[in-house]
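# Commentary on secondary and tertiary structure
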Amino acid sequence: MAHARISMYLPPDINPTQAAIAYGCWALPKLNEELQSEDLLTRQKALMALCDLMHDPEHVYVAIDTGCLESLKALLKDNNDMVRIKTTEVLYIMATHNVGREGFLEHDVILALSYLLNDPQSACRKNLHLAFKHVAQLPSGAQGIVNSGLIPSLVWKLQREEEEIQGLLLDTLAACLMEDATEALGSHVVPFLKQKLLSTNDDIRSKAARTLIAVSIPLEGKNQVWQHDVIPILVHLLKDKVEEVQANAAGALMYATVTTQGKYAALDTEAIHPLLSLLGSSLSKARLNATKALTMLAEAPEGRKFLQSRVPVFRVLEDDTSVAVRRAAQIAVKVIEWKP
């Protein structure tokens, strides 16, 4: 006759490092209590559980409502490396949701995270920059980072961080500088980005060019791009092996060539030929940026004269699948065919 026996081993799906989660509405209040525990293992287990729960935006809302953000902010100063790493991981997961990003702004989490910019644990810094990247996706989040006075520190870190983190930094800076590039321009961002344009890493080159687009929107940015001799490098990147790099380089040139100095710097480095080549790119963004950059160059008599024989190419783009490209092509034709 068979007898029931209770095994001495844990079931295979039980994780001994994770806290037992209370049922229903008590789950997050209980975890919030455990985050404040003086026992290290209790804090670690609670953080492990939160990492799983925060993938659901409803749980993020409840966590914020029950005060978890304040507890997490306190844990950012914990002496234990694993606690800080898991805390930043929880925060970055929360930042992937709109409700989490809004919670960051309401509870001053951006500034609290910034104290870990020099943390010795690279995993901690990576999570921090992932959180910043997601927060910056909201215009109010990007403005929040700018208002926190962190832009000079982020620009400075661009020269010193690991390559993977540099990519995240560039994502954040590109979004923030669209809101306000003033502090970045005063922190030598253009020379730093110029160096990144020469990187052997495709992703870094692409993101550096994209960040230069944001930098080049204000007049001071356009002037600095010309003064630091960045335009010849952007022209060179128009022939890059990566289409995204080409498109972003054309975008940066589109803004940099608004000024007379920028126009002639691009004409002197023979930007017209590679820009014309991009009109046949498979990326609509590349076609659009190249068309607009050529329109800027056509405002100079030398550029207009050269492009007059290329009008049929722009006529073809007037039937492009992209509405923006069609409109840009029509404007380009008007500028090229204009007669004083």
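Structure: see above.
Anyway, here's the lowdown on the structure attached to this text. For clarity, every value in this text was computed on a predicted model and none was experimentally measured. (Residues numbered from 1 in each chain as written. Predicted model: local features only at pLDDT ≥ 70, side-chain atom pairs only at ≥ 80, totals over all residues. Heavy atoms only, no water.)

## Comments concerning the overall build of the protein chain
What counts, and what does not: Only DSSP runs of H or I with at least four residues qualify as helices, and only runs of E with at least two residues qualify as strands; both kinds are numbered from the N terminus onward. The globule rule used for comparison is 2.2 Å times the number of residues to the exponent 0.38, while the radius of gyration itself is calculated over C-alpha atoms. Using a 1.4 Å probe, the Shrake-Rupley method yields the accessible areas, and only the shown protein chains count as cover for residues. Charge assignment: positive for Lys and Arg, negative for Asp and Glu; neither His nor the chain ends contribute. All charge positions are set by atom: Lys at NZ, Arg at CZ, Asp at CG, Glu at CD.
Counting secondary structure elements, the protein chain contains 23 helices and 0 strands. At 26 Å, the protein chain has a C-alpha radius of gyration far larger than the 20 Å of a compact globule built from 340 residues. Summed over its atoms, the accessible surface of the protein chain is roughly 16500 Å², and 54% of this surface lies on carbon and sulfur atoms. Of the side-chain charges in the protein chain, 34 are positive and 40 negative, and the distance between the mean point of each set is 7 Å.

## Details of the packing of helix α5 (residues 81-94) against helix α8 (residues 122-135)
Operational definition: Here an angle of 0 to 180 degrees is reported between the N-to-C directions of two axes, which are lines fitted to C-alpha atoms, with helices fitted over the stretch in contact. Here roughly perpendicular refers to angles of 65 to 115 degrees, roughly parallel to angles under 35, roughly antiparallel to angles over 145, and oblique to all remaining angles. Each crossing is labelled by how the near helix is turned from the far one, with a counterclockwise turn of less than a right angle marking it left-handed and a clockwise turn marking it right-handed. Contact definition: two residues touch when any of their heavy atoms are within 4.5 Å. Side-chain classes are defined by residue name, with Ala, Val, Leu, Ile, Met, Phe, Trp, Tyr, Cys and Pro counting as nonpolar, Asp, Glu, Lys and Arg as charged, and the others, Gly among them, as polar.
Axis separation between α5 and α8 bottoms out at 8 Å; the angle between their running directions is 15 degrees. Accordingly, the angle class assigned to the pair α5 and α8 is roughly parallel. Here α5 runs over α8; the crossing is left-handed. Facing α5, whose interface residues are Arg84, Ile85, Thr88, Glu89 and Tyr92, α8 presents Ala123, Cys124, Asn127, Leu128, Leu130, Ala131 and His134. Residues of the contact of α5 with α8, tallied by class, amount to 7 nonpolar, 3 polar and 2 charged.

## Examining the side chain of Ser216
Tracing the backbone shows Ser216 in the loop between α14 (202-215) and α15 (219-227). Each residue touching Ser216, except ones within four places of it in the same chain, is listed here: Gly221, Lys222, Val225, Ala252, Tyr255 and Ala256.

## Re the packing of helix α4 (residues 68-75) against α5
Between α4 and α5, whose axes approach to 9 Å, the crossing angle comes to 140 degrees. Crossing of α4 over α5 shows left-handed handedness. Seen from α4, the contacting residues are Leu69, Leu72 and Leu75; seen from α5, they are Val83, Arg84, Thr87, Val90, Leu91 and Met94. Classifying every residue of the contact of α4 with α5 gives 7 nonpolar, 1 polar and 1 charged.

## Some words on the pattern of salt bridges
Our working rule: Criterion for a salt bridge: a side-chain nitrogen of Lys or Arg within 4 Å of a carboxyl oxygen of Asp or Glu.
As enumerated under the stated definition, the model contains 20 salt bridges in all. A salt bridge links Arg287 to Asp320, with the nearest nitrogen and oxygen atoms 2.8 Å apart. Linking Arg287 in helix α20 (residues 284-297) with Asp320 in the loop between α22 (311-317) and α23 (323-337), this pair joins segments that are 33 residues apart in sequence. Salt bridges here are not isolated pairs; linked through shared partners, they connect Lys133, Asp171, Asp203, Lys207 and Arg210.

## Describing α8
Helical geometry: 3.6 residues make up each α-helical turn, so side chains three or four residues apart lie on a common side. Filter applied, for reference: Multiplying 1.5 Å by the helix residue count minus one yields the expected span of that helix. Think of it in three bands: with a 1.4 Å probe and only protein chains considered, a residue is buried below 20% of the maximum accessible area for its type, exposed above 50%, and partly exposed in between.
Between its terminal C-alpha atoms α8 stretches 20 Å, which fits the 20 Å expected from 14 residues at 1.5 Å a residue. The element α8 is extensively covered by neighbouring structure, given that 10 of its 14 residues are classed as buried. Every buried residue of α8 is listed here: Cys124, Arg125, Asn127, Leu128, His129, Leu130, Ala131, Phe132, His134 and Val135. Summarising the contacts, the buried residues of α8 are in contact with α5, α6 (98-106), α7 (109-114), α9 (139-147), α10 (151-157) and α11 (163-179).

As far as function goes, none of this settles anything; it's purely spatial.
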